[in-house]
Amino acid sequence: LLYLHRRELSLSKEGEFLTQKLYLKPLWLLSAPQLALKDPVHTVSLQQFIYEKLKAQQELLGEQGFQSLMETVDTEIVTQLQEFLQGF
């Protein structure tokens, strides 16, 4: 497995994207603490992740389709999701 070590972008004078170079390193070269810092579990907010996934579904299905889908979800789960995402 590889991870993205560094990324370089090349832009024209007008600011247009031209090229991209990706520098990858094998994961086994990382120490355990370094590897843990790369893990999405430690770098991505669960609330933000769930909110973004639900929002994407809502945009994909439309408001009515999303509401129809949510009606099939257990009411306790919906309540817990609402409490968890309160403030987002």
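Residues numbered from 1 in each chain as written. Predicted model: local features only at pLDDT ≥ 70, side-chain atom pairs only at ≥ 80, totals over all residues. Heavy atoms only, no water.

S.K.: Tell me about the overall build of the protein chain, and please be specific about residues and values.
M.R.: Summing up its helical and strand segments, the protein chain has four helices and two strands in all. Within the protein chain, the proportion of its 88 residues that are buried is 10%. The contacts of the protein chain with a sequence gap of at least 6 include a subset with a gap of at least 24, amounting to 34%. Carbon and sulfur atoms provide 57% of the accessible area of the protein chain, an area that totals close to 7600 Å². (Helix = DSSP H or I, 4+ residues; strand = E, 2+ residues; numbered from the N terminus. Buried < 20%, exposed > 50% of the residue type's maximum accessible area, 1.4 Å probe, protein only. Contact = heavy atoms within 4.5 Å. Areas by Shrake-Rupley, 256 points an atom, 1.4 Å probe, with all protein chains shown as cover.)

S.K.: Describe a nonpolar patch on the surface, naming the residues involved and giving the relevant values.
M.R.: Nonpolar side chains collect at one region of the surface, where Val44, Leu46, Phe49 and Phe84 lie side by side and expose about 350 Å² of accessible area between them. Among the secondary structure elements, Leu46 is positioned in helix H3 (residues 46-70). (Patch = residues over 30% accessible without salt bridge, like charges linked within 9 Å, V, L, I, M, F, W, Y side chains within 5 Å. Salt bridge = Lys/Arg side-chain N within 4 Å of Asp/Glu carboxyl O.)

S.K.: Quick rundown of the environment of Thr79? Include the residues and the values.
M.R.: Mapped onto the elements, Thr79 comes out in helix H4 (residues 75-84). Accessibility expressed as a relative area gives 31% for Thr79, which makes it partly exposed. In this structure the side chain of Thr79 is engaged in a polar contact, spanning 2.9 Å, whose partner is the backbone oxygen of Thr75. (Polar contact = N/O pair within 3.5 Å; in protein donor to acceptor, adjacent residues only side chain to side chain.)

S.K.: Could you give an account of H3, with specific residues and numbers?
M.R.: One turn of an α-helix holds 3.6 residues; hence residues three or four places apart share an orientation. The first and last C-alpha atoms of H3 sit only 20 Å apart over 25 residues, clearly below the 36 Å expected at 1.5 Å per residue. The sharpest bend along H3 comes to roughly 115°, located at Gly62. Looking at the packing, one finds that the buried side of H3 touches H4. (Expected span 1.5 Å × (residues − 1). Bend = angle between axes of the 7 residues up to and from the residue.)

S.K.: Let's hear about the environment of Val78: which residues, and what values?
M.R.: Examined against the element boundaries, Val78 turns out to sit in helix H4. Take Val78: its relative accessible area is 19%, and that puts it in the buried class. Excluding residues within four positions of it along the chain, Val78 makes contact with Met70 and Val73.

S.K.: Please provide a residue-by-residue account of the confidence of the model for the protein chain, values included.
M.R.: Residues of the protein chain with pLDDT of at least 70 account for 65%, and the chain-wide mean is 79. Per-element mean pLDDT across the protein chain ranges from 58 in strand S1 (residues 2-11) up to 94 in H4. (pLDDT = per-residue confidence, 0-100.)

S.K.: For the packing of H3 against H4, give the residues involved together with the corresponding values.
M.R.: Axis separation between H3 and H4 bottoms out at 12 Å; the angle between their running directions is 130°. Judged on the interaxial angle alone, H4 and H3 are oblique. The handedness of the crossing between H3 and H4 is left-handed. In this structure, H3 contributes Leu46, Gln47, Ile50, Leu54 and Met70 to the contact, and H4 contributes Val78, Leu81 and Phe84. The class makeup of the residues in the contact of H3 with H4 is seven nonpolar, one polar and no charged. (Axes fitted to C-alpha atoms, helices over the stretch in contact; angles between N-to-C directions. Parallel < 35°, antiparallel > 145°, perpendicular 65-115°, else oblique. Left-handed = near helix turned anticlockwise from the far one by under 90°. Nonpolar A, V, L, I, M, F, W, Y, C, P; charged D, E, K, R; others polar.)

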